[in-house]
Every structure is written in structure tokens, then in C-alpha cells.
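# Structural overview
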Number of protein chains: 2
Amino acid sequence: MADAVLFEFLHTEMVAELWAPDPDPGSGGKKRSLSVLEGLGFRVGQALGERLPRETPAFREELDALKFLCKDLWAAMFQKHMDGLRTNHQALFCCQGTYVLQDNSFPLLIAMGSGPQYLEEAPKFLAFTCGLLCGALHTLGFQSLVTASVASLPACKFQVVIQKS
Amino acid sequence: MADAVLFEFLHTEMVAELWAPDPDPGSGGKKRSLSVLEGLGFRVGQALGERLPRETPAFREELDALKFLCKDLWAAMFQKHMDGLRTNHQALFCCQGTYVLQDNSFPLLIAMGSGPQYLEEAPKFLAFTCGLLCGALHTLGFQSLVTASVASLPACKFQVVIQKS
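What this report covers is the structure whose coordinates are included nearby. (Residues numbered from 1 in each chain as written. Chains lettered and ligands numbered in written order. Predicted model: local features only at pLDDT ≥ 70, side-chain atom pairs only at ≥ 80, totals over all residues. Heavy atoms only, no water.)

### As for the packing of helix H3 (residues 62-78) of chain A against helix H6 (residues 123-139) of chain A
Residue and element names in this part refer to chain A. Rule in force here: Helix axes are fitted only over the stretch in contact, all axes being lines through C-alpha atoms; the angle between N-to-C directions runs from 0 to 180 degrees. Strands here are runs of E lasting at least two residues and helices are runs of H or I lasting at least four, both read from the DSSP assignment and numbered beginning at the N terminus. When describing relative orientation, an angle under 35 degrees is termed roughly parallel and one over 145 degrees roughly antiparallel, while 65 to 115 degrees is termed roughly perpendicular and anything else oblique. Note: crossing handedness is left-handed where the near helix turns anticlockwise from the far helix by less than a right angle, and right-handed where it turns clockwise. The contact criterion used is simple: two residues touch if any of their non-hydrogen atoms lie within 4.5 Å. Only Asp, Glu, Lys and Arg are considered charged, only Ala, Val, Leu, Ile, Met, Phe, Trp, Tyr, Cys and Pro nonpolar, and every remaining residue, Gly among them, polar.
Running from N to C, H3 and H6 cross one another at 125°; their axes reach a closest spacing of 11 Å. The angle between H3 and H6 places the two elements in the oblique class. H6 is crossed by H3, and the crossing has right-handed handedness. Counting all contacts with H3, which are made through Ala65, Leu66, Leu69, Leu73, Trp74 and Met77, the residues of H6 involved are Thr129, Leu132, Leu133, Ala136 and Leu137. Class assignment for the residues of the contact of H3 with H6 results in 10 nonpolar, 1 polar and no charged.

Here's what the structure looks like:
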């Protein structure tokens, strides 16, 4: 029994708990649930970022920070590396770094079914991790917007847009 | 950066989220928060119990199940063993097994302050784990009641009462 599954089980149950159907359908319950999960992920990401080994050099370049997320952070969370990191050069041209992080088999999506009928269920399993990536980047000194998209389960892409100050 | 801290950070933030002050002080909000955390722990414990290695023999004796919690489950969660397991013989006499599991430095209590003024904050950090122990025992075939007590932070005791059918 590996302790990695402990995080995954707790994440699953936390989503189930915080995604409880809103009694008032007009109150934006779904959006609120997503932002609660994102906020929770953000704070966990901030805390993880602060646990960086002290000998790690500062991340002066944003690409270094992104590589850190794809390798070290992903290894700590899922015992593997992200499958791809792509830079959107067009966006870079407008003084904004946009990166696409690809996981071909995202562990927090594996537990759910893989048919296309499950696609609409995916956002609730991605919100925490979007917040977490954003929180870790915040600790590393970068403001960002992180969104996720799924075309075919259990693969997913995280798009990170670094906000220039 | 160890992935063990991921579970601890997530637990801390989950408690902060689910322990949000109840707007109606007369509605039993505290008790409800505790039972939500316990329920969440129960389901995680059930899932962890199902991940037992297949070669593990069935736990015919409840003492075997308790030893499993103290060693294997605690190692998977906190990378250490429980510090003590005591049987309450008086309770056994009434056909009910009562066990006291002692952790002298419970990781989920370490993050909070250790002065006596923090004692009243402790229950919210114990509810999830009480539920988890109960859920794991349920998967192993034992109905139980699990409560926790703290005399001096960050040490705590979990009392497990096995319900005979």
C-alpha cells in the first residue's frame, strides 16, 4: 500500500464533499464549488512551494519555474513527470508567457470512466490542481492564470499564462 | 520535497474549508463539521483497506486488525508506527474489545501550536483520522466506534471500541 494513493483518495472524497449539489440552482453553485476547490489547491500549492530544498537556486526565468512544476512538483504529487511542456511563442511575443503542460494519463482522472460521456465531469477533478499549480508559481514569484482542458480522458492539458507585472 | 507533506497540507486546508464558522450558531454547525470530516475519513479508510496486498491473510482476530492499523496503515499515512497499542481488559470482559492507540507526536497536530490554549482546537484535526480508522476496520470486517483524546499536544490517543454483532 503506497501513501501516494492516500492523496488520491482524499482528493476524490474532497471533491465529492465540496461538489455537493447546490440546493439553489440559480445561485451559481457549480462555479462556487470550482472556486472553492481551486482556492484550496492554491493554498496547498503555496505551502508545497515553500518546502523547496534550500539549495535550489532562485527561479529567475519563468521557464525554469515551469520545468520545476513538470518534474519536481509532479514527481512529489504523482511519482512521475509531466509528459510535455510546450511554449506558445505567439503569446510570448505579446510579453506574456503562455505554456501548455500535458499529462497523457492524469492520475486524478484515472478513477473516473474514460468514455466521452464522462467529459463533463472532468472539471471538478481538475480545479484543485489548477489552483495548486497557480499557488506553487505564486510562491516562486510568478503571478499566473491556470486553466485545464480535456479532449480525451484521462489525458489533460494545463494552460499556464504568466502575468507580467 | 516529500509527497508525505502533500497529504498533510491537503488535510490542513480541508479542515480549514470544512470547519468554516457556521452562520447560525444554534444549528449545531460544529458537530456537523466534525461528522462531515469523519465521514470523509471513513470513506478514505474504506478505500485504503481495499488496497491491502492480496497476499495479506484475512484478519480473523481483531487484535491482528488493530496491529495492522498501528503498523501498516500508520506507515502508509505517516511513515512511522503508532507508539503504543493497549487493550482494555475490563471492557473485553463485557464481550467488547476496547483498544487504545497512542501516537506521541501525531503529525496532523504538529502544525498547530503546542500550548494548552490550543487544546480546544484539536478535535477538528482528529475527526478525519477517527473516521479513517473506523473505515479501514469496516473493510477488514469489524464494526467500531473510534474517538480521540488529547492531554498534551501533539500527543494523542485513539480509542477503538469493536462492536460485536
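### Structural notes on unusual backbone geometry
Residue Pro154 of chain A is bonded to the preceding Leu153 of chain A through a cis peptide linkage, with omega at -5°. Looking at the secondary structure, you find Pro154 of chain A in the loop between strand E3 (143-149) and strand E4 (156-163). A positive phi is found at Gln79 of chain B, a non-glycine position, where the angle reads about 55°. Residue position: Gln79 of chain B is located in the loop between helix H3 (62-78) and strand E1 (84-88).

### Considering the relation of the copies chain A and chain B
Here is the rule: To superpose the copies, least squares is applied to the C-alpha atoms of every residue with a pLDDT of at least 70 in both.
For the match of chain A to chain B, the screw axis carries a shift of 0.0 Å, the RMSD comes to 0.0 Å, and the turn is 180°. Such values leave the two copies arranged in the relation of a two-fold axis. Proximity to the rotation axis, assessed at the C-alpha, singles out Phe7 of chain A in chain A; its C-alpha lies 2.7 Å from the axis. Of the interface residues in chain A, 100% have counterparts in chain B that sit at the interface too, so the contact is made through matching surfaces.

### Quick notes on the packing of helix H1 (residues 4-18) of chain B against helix H6 (residues 123-139) of chain B
Residues and elements named next belong to chain B. Running from amino to carboxyl end, H1 crosses H6 at an angle of 115°, the nearest separation of the two axes being 10 Å. Between H1 and H6 lies a crossing whose hand is right-handed. On H6, the residues that touch Phe7, His11, Met14 and Val15 of H1 are Lys124, Phe125 and Phe128. A class-by-class count of the residues in the contact of H1 with H6 yields 5 nonpolar, 1 polar and 1 charged.

### Some details on the interface of chain A and chain B
Note the cut-off: Take the accessible area each of two parts loses on contact, using a 1.4 Å probe, and add the two losses: that sum is the buried area. Basic side-chain nitrogens of Lys or Arg form a salt bridge, by our definition, when they fall within 4 Å of a carboxyl oxygen of Asp or Glu. Pairs of N or O atoms are called polar contacts if they sit within 3.5 Å, as long as, within protein, a hydrogen donor faces a hydrogen acceptor (for residues adjacent in sequence, only side-chain-to-side-chain pairs).
Contact residues are listed per partner, giving 27 residues for chain A and 27 residues for chain B. Carbon and sulfur atoms make up 77% of the area that chain A and chain B hide from each other, which totals about 2,800 Å². One salt bridge in this structure joins Arg43 of chain A and Glu13 of chain B, with 2.6 Å as the shortest N-O distance. Across the chain A-chain B interface, the total number found is 4 residue pairs in polar contact (both at pLDDT 80 or more). For the side of chain A that touches chain B, the secondary-structure elements that each account for two or more residues are helix H1 (4-18), helix H2 (29-50), H3 and H6 of chain A. The biggest single contributor to the side of chain A that touches chain B is H1 of chain A, with 10 residues. Of the residues assigned to the side of chain A that touches chain B, the class counts are 19 nonpolar, 2 polar and 6 charged.

### With respect to the side chain of Ser33 of chain B
Along the chain, the position of Ser33 of chain B falls in helix H2 (residues 29-50). Apart from residues no more than four positions distant in its own chain, Ser33 of chain B is found in contact with Leu18 and Trp19 of chain B.

### Considering the sheet that holds E4 of chain A
The strands making up a sheet associate through hydrogen bonds between their backbones, and the pairing can be parallel or antiparallel. All names here are of chain A. Applicable threshold: When DSSP locates at least two bridges between a pair of strands, those strands are taken to pair.
Here we have 4 strands laid out as an open sheet, ordered E1-E2-E4-E3, and antiparallel in their pairing. The open sheet is flanked by strand E1 (84-88) and E3, the only strands paired with a single partner. Geometrically, the sheet is characterised by an average inter-axis angle of 20° between neighbouring strands, direction not taken into account. Relative to E4, strand E2 (residues 98-103) runs antiparallel, the two sharing 6 bridges. Bridged to Val100 within E4 is Gln159. The strands touched by H3 are E1, E2 and E4; relative to E2, the strand with the most contacts, the crossing angle is about 15°. Strands E3 and E4 of the sheet are contacted by H6, whose axis makes an angle of about 155° with E3.

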